[in-house]
Amino acid sequence: MHHNDSAADMEFLWTSAVPCSKSDPLNKTTNSCSSVTWCSSKVETRLDYTLNLGQFSPPYCLIYKRSTKQLVPTNCSFGSFFMCELPCSKPICPPEKMCIKDESIFEVVDGKTYMKPGREIRGKWEKSKFNSSYYFFLGEKLVTWTENWKTCCSLGLKPLSLGEDITHFDRSKSPMQGVVYWTAMTRAECPYQFENCFQENKEEFPMPIYGTKEGGSCVAISVRDDVARATIGTGMAVKVIVCTSKLLMACEGPTQTFEVRENIVSCDTPECSGIPDCVMDDSKFLTRPVRVLLNPSRYGRWSSSCDMSFLQLNNELGTWDEAYKRCCSHGMDLMSIQNSNQQNCLYKPPTISILSNNGRLPYNGHIWTSGRDVEACRGRLRWCTGYLNDYIKKDVVWKKGVDPKSANNSCVYIDFDDPDLPSLGLADCSEKKQIVCEAPGGVGYKSQMHLFFCRKSFKVTQSEAGKIWNTGDISQAGYGFKKMVQCLAEYLGLVYDSTKINEHVYLSMMSRMFFPFDRTEMLNSVRDKREWLMSQPTLNSTRSIMKFISEATEDTMDDFFSGHFQLAAEMIRKIYDCRDIAKTNEETFAFDFLQCLVQSERLNRFWNAYNFELEVRE
């Protein structure tokens, strides 16, 4: 509420009404009528009393008198309180009848409902901790706000509503940490009113909504890290976003309308479906404080080279499935040849812990690798390990006469008897062959170990890598550094098939972003703005100064409390801007993608926010 002078009378309140209406015009004889027309909406209202205009002349002004609860004509120059109202009472939501489940996208298998192959959405269900008969579905699908509600409705669900139940996600290790999801809330066509569309319960959201002064009409949600939660008191941030932005989908409903397949079969990604589960045998390990294999020498012959540790199982042959499970039980994988550099290294390793007579690895004959095709995608060979899921590259060397395109329920072995180079061959997966397991050498976080291997493979010095890491200046990167980035991105699973981005891995890495909240920096920023405003001669009244200080404080706090939100939304947006960059060089695509990312000022040195401790230790 505002007032236009200091002597305003609390008894009165200005209105937008004018006397009389088309259906009840002014009676010129009595100079009265019993209706008003509201100028703001052109709506006519009949009164149960008469307005006597008496000595007043146009323009007529009507004021509300609180004691009588009636409108009375008054001199338009009278000083009184006034209140402003929005031209709308509620936002515009899509019609409820448009929210329809699409039964055609589902199938029933063994009594369970799944999404049909090709229509599947990767994601996870969570049961509400406040209501055991209510569920949330967080999908790994990037959509606009409209696409979000349409997708949720097609699944027999509703878009995620913002109410008290949403605090289910305000917790440590929240699936919303570091990423951004759409909600059902909008302010479309009514900028200061928010509503959860498609929801019967119209409860008000108990938290502030940031970004209300910025563009956009749709509301999204994200969760900050644990340190920020402890500092602020909540990890949740809710913000207005442009409705056409691509963010993650989020739905809710009283039932879990379908099951999520653990392995979504797609020939477009190199995931290994239909193979045995990889399970470590805990009885072989000391599990605390770190996982250590007990009495390792009893399992076979160990050697190390090419920054990998190898275990050749004692006098043991097995089918591919058997070999895969045996290596998994030791916390290892079958051998893989990520690129031609690694294949050459296996032929002439620069250093090795156990050498054969010819200076090569102490192996001979045929040994299973982790390479194979899968039932859903015959002929498309891929590596299946815990650290490398990618298609087999074109530059690796195959045995003479072997055509990898001919694979059909085939598994890949490596022939160490080939005099020229350990070459790759194809065999039926049911054949029995030697078993050699491998694991990245050393102990550390996944990305650190692979960085070490890739840096050495492409002869990048530690000082060169460190300089670029610390400064963010990648313009001086040499070709070796660019190939190192490609190598690392492929080992992390971020890039596959040389020039494709794995969105699942990209989003998983985003969830490990760490955004510490600096309350002191925020308060200092507020103080600096206040001091600057106080020094401005154009703000020549205390009222003007206080107004601008209030707005500046609100804007600054808005920026700090939702700062991580901006970076997360920008990283998601950049997937679309950068993933289709010119793919002219398969050896450096990942570097070109990285270069595109950091062109955004907000994403400069974004890797400094990455929390390595959230990675799974190898």
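Residues numbered from 1 in each chain as written. Predicted model: local features only at pLDDT ≥ 70, side-chain atom pairs only at ≥ 80, totals over all residues. Heavy atoms only, no water.

1. With respect to the layout of surface pockets
Heads up, the condition is: Lining residues are defined by having an atom within 4 Å of a point belonging to a cavity or pocket. Those points lie on a 1 Å grid over the protein atoms alone, cavities being sets where a 1.4 Å probe fits but cannot get out and pockets being open sets with protein on both sides within 12 Å along at least five of seven lines. Grid points are joined across faces, edges and corners, and a volume is the space filled by probe spheres set on the points. Helix and strand definitions follow DSSP, with helices as H or I runs of at least four residues and strands as E runs of at least two, each counted in order from the N terminus. Each residue is assigned to one class: nonpolar for Ala, Val, Leu, Ile, Met, Phe, Trp, Tyr, Cys and Pro, charged for Asp, Glu, Lys and Arg, and polar for all the others, Gly among them.
If you add up the space inside the second largest pocket, you get close to 900 Å³. Looking at the second largest pocket, it is lined by 32 residues, and the ones nearest its centre are W469, L488, L492, L594 and W607. For the lining of the second largest pocket, the elements supplying multiple residues, two or more each, are helix 5 (446-457), helix 6 (462-471), helix 7 (479-491), helix 8 (503-510) and helix 12 (589-597). Residue classes in the lining of the second largest pocket are distributed as 26 nonpolar, four polar and two charged.

2. Some points on the pairing of strand 17 (residues 236-241)
Worth spelling out the cut-off: Only protein chains enter the accessibility calculation, which uses a 1.4 Å probe; a residue whose area is less than 20% of its type maximum is buried, one above 50% is exposed, and one in between is partly exposed. In this scheme, strands are said to pair when DSSP sees at least two bridges between them.
Most of strand 17 is tucked away: six of the six residues are buried. Here strand 17 shows no split at all, with M236, V238 and V240 on one side and A237, K239 and I241 on the other all buried. By the bridge criterion, six bridges tie strand 16 (residues 218-223) to strand 17 in an arrangement that is antiparallel. For A220, the partnering residue across the bridge sits in strand 17 and is K239.

3. Considering the confidence of the model for the protein
The test is simple: Each residue carries a pLDDT score, the predictor's confidence in it, ranging from 0 to 100. Throughout, a contact is declared for two residues whenever any of their heavy atoms are within 4.5 Å.
Per-residue confidence for the protein gives a mean pLDDT of 85; residues scoring 70 or more make up 90%. Model confidence for the protein, summarised as mean pLDDT per element, is weakest for strand 1 (residues 2-3) at 40 and strongest for helix 1 (residues 145-154) at 97. Confidence over residues 1-8 falls short of pLDDT 50; this stretch has 15 contacts with residues more than four positions distant or in other chains.

4. Overview of the state of the cysteines
Every disulfide links exactly two cysteines, by a covalent bond between their sulfur atoms. The cut-off we apply is this: Working definition: a disulfide is two cysteine sulfur atoms within 2.5 Å of each other.
As enumerated under the stated definition, the model contains 14 disulfides in all. The side chain of C218 participates in a disulfide bridge whose partner is C243; the two sulfur atoms lie 2.0 Å from each other. Since a negative S-S torsion denotes a left-handed disulfide, the C218-C243 link at about 95° is right-handed. Of this pair, C218 sits in strand 16 while C243 sits in the loop between strand 17 and strand 18 (247-253), placing them 25 residues apart in sequence. With a sulfur-sulfur separation of 2.1 Å, C327 is cross-linked through a disulfide to C437. In this structure, the disulfide formed by C327 and C437 twists by about -85° around the S-S bond and is classed as left-handed. With C327 in helix 3 (residues 320-329) and C437 in strand 28 (residues 433-440), this pair connects stretches of sequence that are 110 residues apart. No disulfide involves C39; its sulfur sits 9.1 Å from that of C61, the nearest cysteine. For C39, a relative accessible area of 40% corresponds to the partly exposed category.

5. Some thoughts on a nonpolar patch on the surface
Rules: The patches described consist of residues with a relative accessible area above 30% and no salt bridge, like charges being joined within 9 Å and nonpolar side chains (Val, Leu, Ile, Met, Phe, Trp, Tyr) within 5 Å. To measure how exposed things are, a 1.4 Å probe is used in the Shrake-Rupley method; for residues, cover is taken only from the protein chains shown. Just to be clear on terms, a salt bridge is a Lys or Arg side-chain nitrogen sitting within 4 Å of an Asp or Glu carboxyl oxygen.
On the surface, L286, V290, V292 and L294 cluster together into a nonpolar patch covering about 300 Å² of accessible area. Along the polypeptide, V290 turns up in the loop between strand 19 (285-286) and strand 20 (292-293). Looking at V290, the relative accessible area reads 44%, which means it is partly exposed.

6. Some words on helix 4 (residues 340-347)
Stated formally: Contacts described as polar in this section are N or O atom pairs within 3.5 Å, which, within protein, must combine one atom able to donate a hydrogen with one able to accept it, while residues neighboring in sequence count only if both atoms come from side chains.
Looking at helix 4, one finds that the buried residues are Q342, Q343, C345, L346 and Y347. Close packing links the buried residues of helix 4 with strand 22 (308-318), strand 26 (410-415), strand 27 (423-428), helix 5 and helix 7. Capping of helix 4 at its N-terminal end is provided by N339; its side-chain oxygen lies 3.2 Å from the backbone amide nitrogen of N341.

7. Considering unusual backbone geometry
The omega torsion across P58 and P59 is -5°, close enough to zero to call that bond cis. Following the sequence through the fold, P59 ends up in the loop between strand 5 (43-52) and strand 6 (61-65). Positioned with a positive phi, D307 is a non-glycine residue whose angle comes to about 60°. When its relative accessible area of 22% is taken as the criterion, D307 is described as partly exposed.

8. Let's talk about the nonpolar core
As a reminder, the rule being used: Residue types Ala, Val, Leu, Ile, Met, Phe, Trp, Tyr and Cys, when buried and joined through side-chain atoms within 4.5 Å, form a set referred to as a nonpolar core.
If you look at the biggest cluster of nonpolar residues, it comprises 119 residues, and the most contacted ones within it are F137, L155, I221, F481 and F606. Take this core: its biggest share by element is eight residues, from helix 11 (residues 563-578). Setting aside chain neighbours within four positions, we find L155 in contact with K101, I105, F106, M115, I121, F137, M249, T257 and F258. Grouped together as the second largest cluster of nonpolar side chains are 23 residues, Y324, M332, C384 and C437 included.

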